[in-house]
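Architecture at a glance
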Amino acid sequence: MKFEVTILGSSSATPIFNRNPTSQALNINEHLYLIDCGEGTQQQMLRFDIKASRIDYIFISHLHGDHYLGLVGLLSSMHLNGRKKALYLFCPAHLKEIIDLQLKYSETTLQFPLEYTFTNAQKAEVIVNNNDIIIETIPLDHRIDCTGFIFRQKKRLRKLIKEKLDELNIPVEYYTALKKGKDYTSTNGTVYKNDTLTTDSEAPKAYAYCSDTLYNEQYFNQICNVTVLYHEATFLNDMLDRALITHHTTALQAAQIALKINAKKLLIGHFSARYKTLNELLDEARSVFPATELAIEGKTFSIE
């Protein structure tokens, strides 16, 4: 099962050369999920071959412009390109008013249904539950209401040991029951335990996306043991006072969070435009959590 994330934007409040505002495309079993949609996201999608027609779910963490100002343009392009199927938008409630106003004064009626689910920044909620994934909101601590999102794979069925099944001439109609963990009883009454005929599937993986937030332990339990943690790291720790005022996190703090919640890998992003190069932020995070990478434009990370 494919489970990977492509970074479309890594900058914070303003874009700079080679760094766009926040956006990510998550590929789960060849279904695309867009997370945040800062200015220029459409161009980044074209650049990195992310097809808008394959996106059915969009998640907006909060209503600071660097996380949603590219959305109306993307919706307009979907409309002009003849989209008919529904698009599911998970976002703060006030975003609907913003989109409605834009469409009203451009006299645009979308050709496709736009289905809203409004997020609640006060408590975690399951917002998607399909065959592949369970998606929950993560209440964060920012200047305005803000939620992250955690994407958890569902446990897959057990894997058949084909050679063993062939050896015992087990009929194909029993395969589904075996995948679900059932034992097999032959026509002569012999019971074959499931664990001799199948192997367990891989442990489900999880990707946590923590958008703009202060360091706040209130959300740590929810993201414990995730496979990959994306966490904003707007500043170096020598600007901790600025991070506190603006309700952001430093690279050092992001690494401390990854260590505390036992993440397997940390991706840091949402970098302040004051940093022309990012090596210092990476080094600072790696001093605490070595398995850290920069979430920069064009990089694709497997959730494994």
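Refer to the structure above for everything that follows.
Okay, so let's go over this structure. Predicted model, so just to flag it, every value in this text is computed and none were measured. (Residues numbered from 1 in each chain as written. Predicted model: local features only at pLDDT ≥ 70, side-chain atom pairs only at ≥ 80, totals over all residues. Heavy atoms only, no water.)

**Re unusual backbone geometry**
Backbone geometry at E30 places phi at a positive 70°, although glycine is not the residue there. Taking relative accessible area as the criterion, E30 reaches 41% and is therefore assigned partly exposed. In this structure, D49 is a non-glycine residue whose phi angle is positive, near 60°. (Buried < 20%, exposed > 50% of the residue type's maximum accessible area, 1.4 Å probe, protein only.)

**Section: the pattern of salt bridges**
The final tally for this structure, using the stated rule, is 16 salt bridges. We note a salt bridge from D56 to K85, for which the minimum N-O separation is 3.1 Å. Highlighted residues: D56 in strand β4 (residues 55-59) and K85 in the loop between α2 (71-80) and β5 (87-91), separated in sequence by 29 residues. Judged by its relative accessible area of 21%, D56 falls in the partly exposed class. Take K85: its relative accessible area is 40%, and that puts it in the partly exposed class. (Salt bridge = Lys/Arg side-chain N within 4 Å of Asp/Glu carboxyl O. Helix = DSSP H or I, 4+ residues; strand = E, 2+ residues; numbered from the N terminus.)

**Focus on the pairing of strand β2 (residues 23-28)**
β2 sits mainly inside the fold: 6 of its 6 residues count as buried. Here β2 shows no split at all, with S23, A25 and N27 on one side and Q24, L26 and I28 on the other all buried. Sheet topology places strand β1 (residues 3-9) next to β2; 6 bridges connect them, and they run antiparallel. Along β2, the bridge assignment pairs I7 with Q24. Summarising the sheet, β2 and strand β3 (residues 31-37) pair through 6 bridges and their orientation is antiparallel. From the neighbouring strand, N27 faces β3, where its bridge partner is L32. (Pairing = 2+ DSSP bridges.)

**Some remarks on the sheet that holds β5**
Spatially, β6-β5-β4-β3-β2-β1-β18 is the arrangement adopted by the 7 strands of the open sheet, whose pairing is mixed. In this open sheet, the two edge strands, each paired with only one partner strand, are β6 (114-118) and β18 (300-302). When the angles between neighbouring strand axes are averaged without regard to direction, this sheet yields 20°. Along the sheet, helix α3 (residues 94-105) contacts β5 and β6; its crossing angle with β6, the most-contacted strand, is approximately 150°. (Axes fitted to C-alpha atoms, helices over the stretch in contact; angles between N-to-C directions. Contact = heavy atoms within 4.5 Å.)

**What to know about α3**
One turn of the α-helix equals 3.6 residues, which is why residues spaced by three or four share an orientation. Relative to the 16 Å expected for 12 residues at 1.5 Å per residue, α3 spans 17 Å between its end C-alpha atoms, a close match to the ideal helical length. Within α3 the residues assigned to the buried category are L95, I99 and L103. Angular distribution of buried residues about the axis of α3 spans 65°; they occupy a single face of the element. Of the residues in α3, the exposed ones pointing more than 90 degrees away from the buried face are H94, E97, K104 and Y105. (Expected span 1.5 Å × (residues − 1). Arc of directions from axis to C-beta.)

**Considerations on the pairing of strand β16 (residues 265-269)**
Within β16, 4 of the 5 residues are buried, leaving the element largely enclosed by the surrounding structure. Of the pairings in the sheet, the one linking strand β15 (residues 228-232) to β16 comprises 5 bridges and is parallel in character. Bridging from a neighbouring strand, Y230 pairs with L267 of β16. Between β16 and its parallel partner strand β17 (residues 292-294), the chain crosses via helix α9 (residues 279-286), and the hand of that crossover is right-handed. (Right-handed = clockwise from strand over helix to strand, strands pointing away.)

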